[in-house]
Each structure stands twice: as structure tokens, then as C-alpha cells.
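One-letter residues, chain by chain:
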There are 2 protein chains.
Amino acid sequence: MARPKSAAARDKMIEAAQEIIRDQGVDGFTIDEVARRSGVARTTIYRHFGSGDDLLLAAIDHIVAEVEAPDTGSLRGDLRAAIGSLLDASRTPELRQVFVSILRRALVDDEFATAFRAANDQRHVALRTAIQRGIARGEVAPDINIELALQFVQGPFLVKRLIENDDVTDREFEALLDIIVRALTTRT
Amino acid sequence: MARPKSAAARDKMIEAAQEIIRDQGVDGFTIDEVARRSGVARTTIYRHFGSGDDLLLAAIDHIVAEVEAPDTGSLRGDLRAAIGSLLDASRTPELRQVFVSILRRALVDDEFATAFRAANDQRHVALRTAIQRGIARGEVAPDINIELALQFVQGPFLVKRLIENDDVTDREFEALLDIIVRALTTRT
DNA sequence: GTATTCCGATACGCTGACGTTTCATTATGG
DNA sequence: CCATAATGAAACGTCAGCGTATCGGAATAC
């Protein structure tokens, strides 16, 4: 072994790839564009990543949005914090596009489906811990179906932000929180 | 005027376009493919629709899924019917792809955003009438915020089917219905 | 210090899609 | 019936992206 593959070049490629994804979504991703932005030669990209998709997948891995999940002392507060940071992220048009474009590819391509699921995990973790803290506090029934609850908590916001492409005002945010918290804390 | 533009040709084009959309989503749509499938010459397509997008938009207009909204006598029954037919539709992988691919374009292109909104209206109508019947029956508080309720009703299913790409079993369906109905009928 | 391997750059061929032009053929309104 | 306008077919140029090949120069392990 005389010269290892340059890690610097690799980083530059991935960085450029992420930049592109943020700017134009997964669909705007091109090898040429990565080369242009990164300054790395197209040939080198092929040598590091066999195909463009591999680079794309590697880039997606690192693009997960940070989701906060502080312990605020109440279910409602925890949910507000977690969902709030999700809403903040969803207000960036680019991130919305990233999300949907990956979602689209995930429907067609299994590798993307896996990557997409992984990227969504962090969101789930935040919400799940919020609910589990609620259980620990006694606010939420311990026999709750957490997976269902998750869908139930995310759902309304996803509809509003992603499909309707409407902003969620503070009033609406609180109103939805009301409904959700009430539903989660209501005994059967 | 000696010879009007052939309505038959126009129909064939739109039909072919819809076929393509169903098969491969909006992104697989090409003028060439429309020409191939419809048997209409590419030139003719350009003469009828200035650009490919116009044809695409025209095709989307006619591709709305039918949503049933029968009066079953109870809020729960109405919701089950309406959501059930949505779920049926969402089980077709093609439709899921159609939905997401249009959603994606809608984030970028205003014309598509409008078309997408129109296509979603039928879904809203069904759910909205279900809720309004609930109000009429006295099951639902009359001062409910219907728009919020709508997001709330669709949300969980969209998350499960679209994002997680998981099937919704009958058990889960009923469990979610439980939560939703309870939330809608609970007094403040 | 040198051999080995990587990097950058350029060029090439291929494919799919777009949109335009031309022209012979066909259908139809009047 | 016939002038008029639409259709189908083929050709053309353009452009973007993909993937490969080649080659001089540069970096690094040993």
C-alpha cells in the first residue's frame, strides 16, 4: 500500500452531496454537481463510491435533523419541546423537500427505504421518550400502545406541514397539543 | 375551420398519461412515453398541449381517487367507511407513488401545488361530512375546529401508510378509530 | 528516495429526453 | 367536392447525465 484514499476528498464529496440535497432535494443530485461543488474530480468520486447512489446514501446518513427531547416535567411540555423542534425543522423549505424526495425514492428503492427509516428513528426516539416519561410520571396509562401513540402524535403535524404545506401557528400548536395530551391521558 | 383537433387523440393522450403516472409516478412521465403508449405522434402532443407539464396537469385532474362517505348512523361508522376507502386506495403501491411524486412537485411548482390541493379536496369532503354529521347527531361538540379535527383524523393513517410504509391491520384500524372517536366526542 | 497508488483533468461514447422542422397523408367543415 | 387544418412519421440539433479510459503529476508508505 503506497497511498491510501484521501479521507479529505471523501469528506469534501459527502459535504457537497449534502449541500446539494439540501438545496435541491435528492432528485437534483448529480455526480457532476458533486464534482463541481467539492472540487473533487468526477473520476475520483467513482473510485471512492462505485455509483452515485452509494454516495447519495452515505450523504443521507449524516443529514439527520437534530431533535430535542428535554425533560420539562410534564408530558405536555415534553411533547411541546419535541414536536416544536420538529416543526422548526419542517419550516425550512429545503428540509421539506429533502424529506419528501427521500420518501419518494424509499417507495421504489429498498436501500433508500432503509436509509429513510434510519433517518426517521431519531424523531421517533424523541417522541417515544416523551411518552415513556409520561408513563413513568403516571400521566399516561402504562399499557398504551406506543407505536400507535407515535403515529397519533406526529400525524396531525405532518398533514398540516407536509401535505397541506401550511404553517402551524402557535394557537394551532397548542390546540393540537390539547387534543393529543387529552387523548393520551384519558383512561379507557 | 376545416378540421378540428381530434378529441379522440386528446383522450388517448390523457389516458396514456394517467397510465404512466400510475405505473411510474409523475417522475416517470415523458412525452416520448406518452407517444409510445397512446400511439399518438409526439408532434401532435405538442400541438395539443404546449408543454409536457400541461398534459401532465390535465392528467392529474382526472386521477382523483373515489372516496366513499355513506351515512352509517354513527360517527364511528362514518369515519370507518371514509378512512377505510382511503386505506384501500393507499394499499396500491402505484397510488402511493403517485401521491408522493405529486406532493414532491407541489413543493416546488405552484401549478402542481394547486392541482394537488384540488385532488386532495375529495378526501377532505368525505371526512368533513362525516364530522359534520357527527355534530348534527350531537356526538361531536358543535364548536369543534373542523380543520384541526381533519388533520387529526387523517394523521395517524398517513404516517403509518405513507411514511412508515406499513400496512394498517384491522386491529390497528379499530384501535386508532377508538382514540379518534373518543377524542372527537370528549367534552372540554 | 523510490515505487506504488491515488488524484485531477480532459476527452470520449452512450443514452434518454426535449423541442422543432418538414412533408406526405388524412379527415372534415362548408 | 375541396380547401383547410390536423395528423403521423422521420429527421435533426441540443442538452444533461452517466460511466470509462487515459495520462501526467502528486503524495505517501516503506
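Conventions and cut-offs
- Residues numbered from 1 in each chain as written.
- Chains lettered and ligands numbered in written order.
- Predicted model: local features only at pLDDT ≥ 70, side-chain atom pairs only at ≥ 80, totals over all residues.
- Heavy atoms only, no water.
- Contact = heavy atoms within 4.5 Å.
- Buried area = accessible area lost by both parts, 1.4 Å probe.
- Salt bridge = Lys/Arg side-chain N within 4 Å of Asp/Glu carboxyl O.
- Phe/Tyr/Trp six-rings, centres within 6.5 Å; stacked < 30°, edge-to-face > 60°.
- Helix = DSSP H or I, 4+ residues; strand = E, 2+ residues; numbered from the N terminus.
- Buried < 20%, exposed > 50% of the residue type's maximum accessible area, 1.4 Å probe, protein only.
- Near = heavy atom within 4 Å.
- Polar contact = N/O pair within 3.5 Å; in protein donor to acceptor, adjacent residues only side chain to side chain.
- Nonpolar A, V, L, I, M, F, W, Y, C, P; charged D, E, K, R; others polar.

Participant: Run through the interface of chain A and chain B, naming residues and quoting values.
Facilitator: Chain A puts 36 residues into the contact, and the matching count from chain B is 36 residues. Across the chain A to chain B interface the summed buried area is about 3,200 Å²; carbon plus sulfur atoms make up 74%. If you sort the residues of chain A by the area they bury against chain B, L107, Q151 and I163 of chain A come out on top, with a joint share of 20%. A salt bridge links R104 of chain A to D27 of chain B, with the shortest nitrogen-to-oxygen separation between them at 2.9 Å.

Participant: Account for the packing of aromatic side chains, with residues named and values stated.
Facilitator: The relative placement of two aromatic rings is captured by the distance of their centres and the angle of their planes. Residues and elements named next belong to chain A. For the structure on display, the rule yields five aromatic pairs over all chains. Plain terms: the ring middles of F157 and F173 are 5.7 Å apart, the flat faces sit at 90° to each other, and that makes the pair edge-to-face. One end of the pair, F157, is in helix α8 (residues 146-163); the other, F173, is in helix α9 (residues 170-185), and 16 residues separate them in sequence. You'll find F157 and F173 in the same group, each marked buried.

Participant: Explain the protein's contact with DNA strand C to me, and be specific about the residues and the numbers.
Facilitator: Close to DNA strand C lie 21 residues; A2, R3 and S6 of chain A together with R3 and R42 of chain B are nearest. Close to the protein, within 4 Å, the atoms of DNA strand C are drawn from sugar and phosphate at a rate of 59%. A distance of 3.0 Å separates a phosphate oxygen of DNA strand C from a polar backbone atom of I31 of chain B. Residue assignment for the surface near DNA strand C shows that the elements contributing at least two residues are α3 (42-48) of chain A together with α2 (31-38) and α3 (42-48) of chain B. With five residues, the top contributor of residues to the surface near DNA strand C is α3 of chain A. Residues of the surface near DNA strand C, tallied by class, amount to eight nonpolar, six polar and seven charged.

This is a description of form; function is not addressed.
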